[in-house]
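As a plain string of letters, each chain reads:
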Amino acid sequence: RSSSRTLTPPLALGASSFAMPTYKLCYFDIRGLAEMSRWMFKVAKVDFEDCRLSFAFGTPGDFSTIIRPEFDAAKASGELATSLGKVPYLEVDGTKIGQSKA
């Protein structure tokens, strides 16, 4: 039994029914895991919100004194539950996608 479907590209439906997704990339205000994604958005000229969480050392070089108030507040409030309490995460149209090495 065969079925026939006609696929209509989004642009054929009219500009009013097609909206570009919104992106928000959230990571610390440092180069690191999210830097390549930031570059990819910029090179592709795709608009995105670059959410940067503050990050500082209480004592320079001493990782036990890291100060990250926005991250700690977001984690405590459950805002990072989707990304297993970690950053970076990418939010696409309000849906959070956490990092994975799968």
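Criteria and cut-off values
Residues numbered from 1 in each chain as written. Predicted model: local features only at pLDDT ≥ 70, side-chain atom pairs only at ≥ 80, totals over all residues. Heavy atoms only, no water. Helix = DSSP H or I, 4+ residues; strand = E, 2+ residues; numbered from the N terminus. Buried < 20%, exposed > 50% of the residue type's maximum accessible area, 1.4 Å probe, protein only. Areas by Shrake-Rupley, 256 points an atom, 1.4 Å probe, with all protein chains shown as cover. Phe/Tyr/Trp six-rings, centres within 6.5 Å; stacked < 30°, edge-to-face > 60°. Pairing = 2+ DSSP bridges. Contact = heavy atoms within 4.5 Å. Axes fitted to C-alpha atoms, helices over the stretch in contact; angles between N-to-C directions.

## A word on the overall build of the protein chain
Check the secondary structure of the protein chain and you find 2 helices and 6 strands. Scanning the protein chain from its N terminus toward the C terminus, one meets helices and strands in the order β-α-β-β-β-α-β-β. Counting across all 102 residues of the protein chain, residues that qualify as buried make up 21%. Carbon and sulfur atoms provide 57% of the accessible area of the protein chain, an area that totals close to 7,900 Å².

## Comments concerning the packing of aromatic side chains
We describe a pair of aromatic rings using the distance from one ring centre to the other and the angle between the two ring planes. For the structure on display, the rule yields 7 aromatic pairs. Pairing Y23 with F41 gives two aromatic rings, centres 5.2 Å apart and planes at 50°, and the pair type is tilted. Placement of Y23 in strand β1 (residues 23-28) and of F41 in helix α1 (residues 35-43) is noted, with a sequence separation of 18 residues between them. By relative accessible area, which is 12% here, F41 ends up buried. Note on F55 and F57: the rings are 5.8 Å apart at their centroids and 80° apart in plane angle, and the pair reads as edge-to-face. Of the residues examined, F55 reaches a relative accessible area of 27% and is grouped as partly exposed. Its relative accessible area of 31% is what places F57 among the partly exposed residues. The rings of Y27, F28, F55, F57, F63 and F71 are connected pair by pair, giving a single aromatic cluster.

## Concerning the pairing of strand β5 (residues 89-92)
Alternating residues of β5 divide into Y89 and E91, all buried, and L90 and V92, none buried. Sheet analysis places β1 next to β5, joined by 4 bridges and oriented antiparallel. Paired with K24 across the bridge in β5 is E91. One ladder, built from 4 bridges, connects β5 with strand β6 (residues 95-98); its direction is antiparallel. Across the sheet, residue L90 finds its bridge partner in β6, namely I97. The hairpin formed by β5 and β6 contains 2 residues between the paired strands, and D93 there has a positive phi angle of roughly 50°.

## What about the side chain of S83?
Mapped onto the fold, S83 is located in the loop between α2 (69-77) and β5. With near-sequence residues (within four places) excluded, S83 lies in contact with Y89 and G98.

## Comments concerning the sheet that holds β5
What links the strands of a sheet is backbone hydrogen bonding, and the strands pair in either a parallel or an antiparallel sense. On the basis of which strands lie adjacent, the open sheet formed by 4 strands has the order β2-β1-β5-β6 and mixed pairing. The outermost strands of the open sheet, each flanked by one partner alone, are β2 (49-53) and β6. The sheet shows a mean angle of 20° between the axes of neighbouring strands, direction not considered. Where β1 lies against β2, 5 bridges are found, and the strand directions are parallel. Counted as the bridge partner of L25 is D50 from β2. α1 rests against β1, β2 and β5 of the sheet, and its axis sits at about 150° to β1.

All quantities given are derived from atomic positions and should not be read as evidence of function.
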